[in-house]
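Breakdown of the fold
Take a look at the letters that make up each chain.
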Amino acid sequence: TYERWERVKGEDVSLVPVNRAPDVTQQLMVFQMPNDVGQDFGARLRGLLTAPLTGDYTFWISCDDNGELSISSDESAAGKRRIAYIKGSPAWTDYVEWDKFPTQKSAVVPLVAGRRYYVEALLKEDTAEDHLAVGWLKPGEAGSLPSEIVPGKQLSPFKP
């Protein structure tokens, strides 16, 4: 689920007003928001991630401006922990640029096949272009960059 809050000034993700209803809500087919939707907004992409394989996963976040990626050890949002982020002023990446900052890449995250995990990405857009995407390497895949953006078939809506 993609949620967007309009008229939110600043760059830090702590400014995203997640405790009030969003101005825009949309279901997406991939863990990536629409590009270049505006200025001065906050966004959240969240859902339940079903692991396709048991093993170690690595995640990346790419965004403009500041963003962070969190995952929980189960389906509960309460247990989420930040695993990757882009923060600072200025701090942003080009579209699907996965290796600009070391903090964009998570440490290894062990997941169990068939289990569902709450996952959330926040974005705070100030000015200019905007984008947010989350990529991964699954167990058995090698590389220094994601093999793909997390596909929608591995995600389902989160019902608070």
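In this report, the structure presented in the accompanying data block is examined. All of these numbers come straight from a predicted model, not from anything done at the bench. (Residues numbered from 1 in each chain as written. Predicted model: local features only at pLDDT ≥ 70, side-chain atom pairs only at ≥ 80, totals over all residues. Heavy atoms only, no water.)

**Some details on the packing of aromatic side chains**
Filter applied, for reference: Stacked, tilted and edge-to-face are the three classes applied to pairs of Phe, Tyr and Trp rings, where Trp contributes its six-membered ring and a pair requires centres within 6.5 Å; stacked means planes under 30 degrees apart, edge-to-face means over 60, and tilted covers the rest. Numbering of helices and strands runs from the N terminus; a helix is a DSSP stretch of H or I covering at least four residues, while a strand is a stretch of E covering at least two. The classification of residues rests on relative accessible area computed with a 1.4 Å probe and restricted to protein chains. Under 20% of the type maximum is buried, over 50% is exposed, and intermediate values are partly exposed.
Enumeration according to the criterion identifies four aromatic pairs in this entry. Between the aromatic rings of Tyr 57 and Trp 136, the centroid separation amounts to 5.4 Å while the plane-to-plane angle is 40°, which identifies the pairing as tilted. Of the two residues, Tyr 57 sits in strand β4 (residues 55–64) while Trp 136 sits in strand β9 (residues 131–137), which places them 79 residues apart along the sequence. Each member of the pair Tyr 57 and Trp 136 is classed as buried.

**Thoughts on the pattern of salt bridges**
In plain terms, the rule: What makes a salt bridge here is a side-chain nitrogen of Lys or Arg within 4 Å of a carboxyl oxygen of Asp or Glu, nothing more.
The tally for this structure, following the rule as stated, stands at 11 salt bridges. The salt bridge partner of Glu 6 is Arg 4, with a shortest N-O separation of 2.6 Å. Arg 4 gets classed as buried once you look at its relative accessible area, which sits at 12%. Each of Glu 3, Arg 44 and Arg 46 takes part in salt bridges that share partners, so that together they form one network.

**Remarks on the nonpolar core**
Here is the rule: Residues belong to a common nonpolar core when they are buried Ala, Val, Leu, Ile, Met, Phe, Trp, Tyr or Cys residues joined through side-chain atoms within 4.5 Å. Note on definitions: a residue-residue contact is assigned when non-hydrogen atoms from the two residues lie within 4.5 Å.
Counting 28 residues, the largest nonpolar core has Phe 59, Leu 69, Ile 71 and Leu 111 as the members making the most contacts within it. Contributions of two or more residues to this core are made by β3 (41–50), β4, β5 (66–71), β6 (81–86), β7 (109–111), β8 (116–125) and β9. Residues in contact with Leu 69, not counting those within four places in the same chain, are Phe 31, Phe 59, Trp 60, Ile 61, Arg 81, Arg 82, Ile 83, Ala 84, Val 119, Glu 120, Ala 121 and Val 134. Trp 5, Val 13, Val 16 and Leu 122 belong to the second-largest nonpolar core, a separate cluster that totals five residues.

**Digging into the environment of Ile 86**
By secondary structure assignment, the location of Ile 86 is in strand β6. Taking relative accessible area as the criterion, Ile 86 reaches 2% and is therefore assigned buried.

**Some remarks on unusual backbone geometry**
Here Asp 64 and Asp 65 are connected by a cis peptide whose omega angle stands at 10°. One non-glycine residue, Asp 36, lies in the positive phi region at around 50°. Among the structural elements, Asp 36 can be located in the loop between β2 (24–26) and β3. Of note, the phi angle at Asp 40 is positive, near 50°, even though the residue is not glycine. As for its position among the elements, Asp 40 is in the loop between β2 and β3.

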